[in-house]
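Next come the chains, spelled out residue by residue.
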Amino acid sequence: MTTHTPPSSYVLKGLIDISVPNSISWQPQTMGWKILFFLLAALTVFLIYRAVKHYHANRYRRQALQALDVINSERPYQAICELFYLIKSVAIYLDPKNASKSGDYLLLFLISTKTNNCIHFHSVLTKRAFNEIWQPEAECTLVPEQVLVLINQFKDWITHHSVVNNTQNNDGVKNHD
């Protein structure tokens, strides 16, 4: 806080200095404002925590999408092998029981975890691609355009899938048996 000194000039000698009022405190003076501030601070910390948790929980999605961007569709057999490896890795990350699944069972898992946002899910083309990875490369009948369709389909699936749907379906099966 600054202190005021009286003027030292001859012209200003007769002036009286104005008293400056005390500064206003920014600290709230009622209990209600303190409680509101505490609740807002707690809400902010909670929202930051949830955002960080969500960011870390979706790290596998970001990594899988980066890996999908690198797949070259000009060599269809190589591309579907890389695509299968990537999708299988994501499926195992989501549920370790998927390690033994392939073919129709892996496709069933993908369909059961897709959400309504995955509009274009070509199960026939996916099944065909999953079957062709077990064939020799010379017998691959997929063309690069079909591989691009699969890559885009799995980008949508990785972005929008939900494991909650699958666990509900599996719980229902376990209870039924």
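Once a new chain begins, its residue numbering starts again from 1 and follows that chain's sequence as written. Only residues with pLDDT of at least 70 are given local features in this predicted model, and only at 80 or more are side-chain atom pairs given and counted; all residues enter the totals for whole chains, interfaces and linings. Heavy atoms from the whole structure form the basis of all side-chain values; hydrogens and water molecules are not counted.

Caption draft 1: Inspection of the packing of helix 2 (residues 59-70) against helix 3 (residues 76-94) at higher detail. Helix axes use the C-alpha atoms of the stretch in contact, all axes being lines fitted to C-alpha atoms, and the angles between their N-to-C directions lie in the range 0 to 180 degrees. Comment: elements are numbered from the N terminus, with helices defined as DSSP H or I runs of at least four residues and strands as E runs of at least two. Closest axis-to-axis distance for the helix 2/helix 3 pair is 10 Å, and the angle between their directions is 175°. Classified by the angle their axes make, helix 2 and helix 3 are roughly antiparallel. Of helix 3, the residues touching helix 2 (which contributes Tyr60, Ala64, Ala67 and Leu68) are Leu83, Leu86, Val90, Tyr93 and Leu94. In this classification, the charged set is Asp, Glu, Lys and Arg, the nonpolar set is Ala, Val, Leu, Ile, Met, Phe, Trp, Tyr, Cys and Pro, and all remaining amino acids, among them Gly, are polar. Residues that form the contact of helix 2 with helix 3 fall into these classes: nine nonpolar, no polar and no charged. Orientation labels follow simple angle bins: below 35 degrees gives roughly parallel, above 145 gives roughly antiparallel, 65 to 115 gives roughly perpendicular, and whatever is left gives oblique. Any two residues whose heavy atoms approach within 4.5 Å are treated as being in contact.

Caption draft 2: Representation of the packing of aromatic side chains within the structure. In this scheme Phe, Tyr and Trp rings, the latter by its six-membered ring, pair at centre separations within 6.5 Å, and the angle between planes marks the pair as stacked below 30 degrees, edge-to-face above 60, and tilted otherwise. As enumerated under the stated definition, the model contains four aromatic pairs in all. Ring centres 4.7 Å apart and planes at 35° place the aromatic pair tyrosine 60 and tyrosine 93 in the tilted group. Remark: tyrosine 93 occurs in helix 3 and tyrosine 60 occurs in helix 2; sequence separation between them is 33 residues. Taken together, a centroid distance of 6.4 Å and an interplanar angle of 15° make the contact between phenylalanine 130 and phenylalanine 154 stacked. Taken together, the residues span a long stretch of sequence, with phenylalanine 130 in helix 5 (residues 123-132) and phenylalanine 154 in helix 6 (residues 144-160) at a distance of 24 residues. Using a 1.4 Å probe on the protein chains alone, a residue whose accessible area is under 20% of its type maximum counts as buried, one over 50% counts as exposed, and one in between counts as partly exposed. The buried category is assigned to phenylalanine 130, whose relative accessible area is 4%. Positioned above the aromatic ring of tyrosine 55, the side-chain terminus of arginine 62 is 3.8 Å from the ring centre. The rule for a charge over a ring is simple: NZ of Lys or CZ of Arg within 6 Å of the ring centre, and within 35 degrees of the ring normal.

Caption draft 3: Representation of the nonpolar core in the model. Phe154 and Trp157 are the most contacted members of the largest nonpolar core, which totals 31 residues. Sort the elements by how many residues they give to this core and helix 3 lands first, with 10 residues. Those residues in contact with phenylalanine 154 that sit more than four places away from it in its chain are Leu68, Leu83, Ile87, Leu110, Phe121, Thr126 and Phe130. Residue types Ala, Val, Leu, Ile, Met, Phe, Trp, Tyr and Cys, when buried and joined through side-chain atoms within 4.5 Å, form a set referred to as a nonpolar core.

So yeah, pure geometry; function would need other evidence.
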